[in-house]
Amino acid sequence: MYKMRSIDNLLGKNKELENQEIYFADLSKLNDPMEGFLEFHWNGDIIVWKNFFYHYLLCLENIVAQSQLVNDDYIFTENDIQIYMTFDKLPTQKYKDMITNIATSFFSSSTISKYLSFLSNRKTPIYRSELKSHLKGIHLIALMCILNEYKKNGFSNFSGETLLANLKFDALFNIWDKNRLEIEKDTSFINKLYEVEISIHSQLSLIQSYNIYTEKRGKIKSFLLYEFPDSFVDKIDELAYPHAYISCFMSSCDNSSLWGYYGDNHRGVCLIFKTEERNNKHFLSLTTKMGQSNSGSIIGNANFEFKKVKYSKNFPTIDFFRSLGRMPMDILYKYWYMNENGETSFFSNHLKTAKSIEKWRANYWKKYEKCLTIKLPDWKKENEYRLILEDFMDSHSAINDRKLKYHFNDLEGIIFGYKTTTENKIRIMKIIEEKCKQNNRKKFDFYQAQYIPSSGEMEIDKLDLLKIS
């Protein structure tokens, strides 16, 4: 397998060659904006939808509470949303009573009752754009309930009604449209409808944010009033699957445009890794954090499988309410699959027996792997394979914890780029010479990437005269 690196990464402050490190990047740092995209759909009964709305209310209240404490210019993002909030985590009984009052007020709204009935009776799945539109529809009601309770408890100087009186954007929040019940059978039409609607919402929200952004605490108001619903939907992915980090490789290295893009405009190099093959699968052994003990991190070797990237416009869809795999079973039942009367949702049936759990778990991970190994067809020329670091315990969020060490004997060779300087070649050769001595290794192969005018292509030539002694 081949991995292109810039000289800065290889020899600069990261010293990847000297440290024998492979870096695993956050999905958001990769070149395809659709990397790791999770195409969820939401389809549930009254129990899971009511719990979903309750979770939205709980997270929104937490952001309102945070907004009382931050400085005037603080900029909220989705990372500020405490997506794992539960009622049990609230600090005092008085706080819990306040949340209970907010929820009672919220769910007593006739609009919320209609929404819950509408969503739980849907026969077709709801996708991301539509869900964002629905949450924008209930958002002001939720915010009003929170602010009213805050004023009642002396936490705020103005009520939700005061907030509404000062807002002049009735068209921004289409609270309820009874006609949607009549058209929901036409899936393609309703998806297009909500894509248009969310576009209109986004534009109007941007206009409103523009108008208040420079006001005192304008950035905070913008997030609370307009940005929170979208951010919540994007953040809630975390309840389903763990964070994952990626290291990208290729099955070939003779594409000039890839050298230009990933090989620092041909000034970098390409590392050649030897893989272990088992049952037609290829693996690379890396040293990584395996767990935590009282004395610190547990470090060990793990075999990472090279996963072939598929190039497609179609992403697998994931049933959100049946994919809440990151939460403990007791929390899952208490706050998602059960109502206040102890009745259990139909959407928890996949967890009823050991056999059903085993089947669900296999499908759960299969879907996630597909999502992590799909790129749009525009990237097809990369012929990419990737190693995936799944962060089950959130123990690899720090950059240094995502620099995994490889065994030097698995580094089979190095290809110099067409424009790699003599100075950098010599620096690389000296490091390799020293490592060969340390590992009692007698052979290491160097290659040179060259442009051949007669063929109009890049070629990789082995530098047979370079010997490690």
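The preceding data block contains the structure.
Predicted model only: the values in this text are computed from it and were never measured.

Enquirer: Before we move on, could you go through the overall build of the protein chain and cite the residues and values that matter?
Expert: Scanning the protein chain from N- to C-terminus turns up 14 helices and 19 strands. Relative to its full complement of 469 residues, the protein chain shows a buried share of 50%. Considering only contacts within the protein chain whose residues lie at least 6 apart along the sequence, 76% involve residues at least 24 apart.

Enquirer: Tell me about a positive patch on the surface, and please be specific about residues and values.
Expert: Residues Lys 308, Lys 310, Lys 366 and Lys 370 make up a contiguous surface patch of positive charge. In this structure, Lys 366 sits in helix H13 (residues 354-372).

Enquirer: Just give me the short version of the pattern of salt bridges, but keep the residues and values in it.
Expert: Pairing between side chains of opposite charge can happen when the charged atoms of each approach one another. All told, the structure shown has 21 salt bridges when counted by the stated rule. Between Arg 128 and Asp 234 there is a salt bridge, with its nearest N and O atoms 3.5 Å apart. One end of the pair, Arg 128, is in helix H6 (residues 128-152); the other, Asp 234, is in helix H10 (residues 218-235), with 106 residues separating them in the sequence. Judged by its relative accessible area of 30%, Asp 234 is partly exposed. Look at the salt bridges and you will find they share partners, linking Arg 128, Lys 132, Asp 234 and Asp 237 into a network.

Enquirer: Please set out the packing of aromatic side chains residue by residue, giving values where relevant.
Expert: The full count for this structure, using the stated rule, is 39 aromatic pairs. The aromatic ring of Trp 379 is capped on one face by Lys 375, whose charged end is 4.8 Å from the ring centroid. Over the ring of Phe 408 we find Arg 441, and its NZ or CZ is 4.9 Å from the ring centre.

Enquirer: For the packing of helix H3 (residues 46-67) against H6, give the residues involved together with the corresponding values.
Expert: Where H3 meets H6, the closest approach of the two axes is 10 Å, and the angle between their N-to-C directions is 55°. As summarised for this structure, H3 and H6 are arranged oblique, according to the angle between their axes. The two elements H3 and H6 meet at a crossing, and its hand is right-handed. Of the residues in H6, those touching H3 at Trp 49, Phe 52, Phe 53, Tyr 56, Leu 57, Leu 60, Glu 61, Val 64 and Ala 65 are Leu 131, Leu 135, Ile 138, His 139, Ala 142, Leu 143, Ile 146, Leu 147 and Tyr 150. The class makeup of the residues in the contact of H3 with H6 is 16 nonpolar, 1 polar and 1 charged.

Enquirer: Let's hear about helix H4 (residues 93-107): which residues, and what values?
Expert: Here H4 contains 15 residues, and its C-alpha end-to-end distance of 21 Å stays within 8% of the 21 Å for a straight helix at 1.5 Å per residue. Where H4 is concerned, the buried positions are Lys 96, Met 98, Ile 99, Ile 102, Ala 103, Phe 106 and Phe 107. Down the axis, H4 shows its buried residues gathered within 160° of arc, on one side only. For H4, the exposed residues lying more than 90 degrees away from the buried face are Gln 93, Lys 94 and Thr 104. For H4, the secondary structure elements touched by its buried residues are H3, helix H5 (110-120) and H6.

Enquirer: Before we move on, can you summarise the environment of Met 458 with the specific residues and values?
Expert: Note on placement: Met 458 falls in strand E19 (residues 457-462). Contact partners of Met 458, with chain neighbours within four places excluded, come to Asp 254, Ser 256, His 266, Tyr 418, Ala 449, Gln 450 and Tyr 451.

Enquirer: Could you give me a rundown of the pairing of E19, with the residues and numbers involved?
Expert: Looking at chain direction, strand E18 (residues 445-452) and E19 are connected through 6 bridges and run antiparallel. Opposite Gln 448, over in E19, you have Asp 461 as the bridge partner. Hairpin geometry of E18 and E19 is characterised by an intervening segment of 4 residues between the two adjacent antiparallel strands and by a positive phi of about 70° at Gly 456.

Enquirer: Account for H3, with residues named and values stated.
Expert: An α-helical turn contains 3.6 residues, so any two residues separated by three or four positions project in the same direction. For H3, which comprises 22 residues, the first-to-last C-alpha distance of 31 Å matches the rise-based estimate of 32 Å (1.5 Å per residue) to within 8%. Within H3, 19 of the 22 residues are buried, which leaves the element mostly enclosed by the surrounding structure.

Enquirer: Go over the sheet that holds strand E4 (residues 39-42), please, and point to the residues and values.
Expert: The mixed open sheet is built from 3 strands, whose spatial order is E5-E4-E13. The open sheet has two edge strands with one neighbour each: strand E5 (126-127) and strand E13 (317-319). When E4 meets E13, the two strands line up parallel, connected through 3 bridges. Looking across to E13, one finds that Phe 40 is bridged to Ile 318.

Enquirer: Would you mind going over unusual backbone geometry in detail, with residue names and values included?
Expert: A positive phi angle is found at Gln 20, which is not glycine, with a value near 55°. The topology assignment puts Gln 20 in the loop between helix H2 (16-19) and strand E2 (21-23). Located in the positive-phi region is His 266, a residue other than glycine, with phi close to 75°. Examined against the element boundaries, His 266 turns out to sit in the loop between helix H11 (256-262) and strand E7 (269-273).

Enquirer: Give me the environment of Leu 225: which residues, what numbers.
Expert: Mapped onto the fold, Leu 225 is located in helix H10. For Leu 225, a relative accessible area of 8% gives the class buried. Between the alpha carbons of Leu 225 and Lys 136 there is a distance of 9.4 Å; along the sequence they are 89 residues apart.

Enquirer: Tell me about the nonpolar core, and please be specific about residues and values.
Expert: In terms of nonpolar packing, the biggest core is built from 83 residues, with Trp 42, Trp 49, Phe 52, Phe 53, Phe 106, Phe 232 and Trp 336 touching the most fellow members. With 13 residues, the single largest contributor to this core is H3. Residues within four places of Trp 42 in sequence aside, it is in contact with Trp 49, Phe 52, Pro 125, Ile 126, Tyr 127, Arg 128, Leu 131, Val 233, Ile 236, Phe 320 and Phe 321. Among the nonpolar cores identified, the runner-up in size contains 33 residues, and Leu 11, Leu 271, Tyr 385 and Phe 416 belong to it.

Basis of the calculations
Residues numbered from 1 in each chain as written. Predicted model: local features only at pLDDT ≥ 70, side-chain atom pairs only at ≥ 80, totals over all residues. Heavy atoms only, no water. Helix = DSSP H or I, 4+ residues; strand = E, 2+ residues; numbered from the N terminus. Buried < 20%, exposed > 50% of the residue type's maximum accessible area, 1.4 Å probe, protein only. Contact = heavy atoms within 4.5 Å. Patch = residues over 30% accessible without salt bridge, like charges linked within 9 Å, V, L, I, M, F, W, Y side chains within 5 Å. Areas by Shrake-Rupley, 256 points an atom, 1.4 Å probe, with all protein chains shown as cover. Salt bridge = Lys/Arg side-chain N within 4 Å of Asp/Glu carboxyl O. Lys, Arg positive; Asp, Glu negative; His and termini not counted. Charge placed at Lys NZ, Arg CZ, Asp CG, Glu CD. Phe/Tyr/Trp six-rings, centres within 6.5 Å; stacked < 30°, edge-to-face > 60°. Lys NZ or Arg CZ within 6 Å of the ring centre and 35° of its normal. Axes fitted to C-alpha atoms, helices over the stretch in contact; angles between N-to-C directions. Parallel < 35°, antiparallel > 145°, perpendicular 65-115°, else oblique. Left-handed = near helix turned anticlockwise from the far one by under 90°. Nonpolar A, V, L, I, M, F, W, Y, C, P; charged D, E, K, R; others polar. Expected span 1.5 Å × (residues − 1). Arc of directions from axis to C-beta. Pairing = 2+ DSSP bridges. Core = buried A, V, L, I, M, F, W, Y, C linked by side-chain atoms within 4.5 Å.

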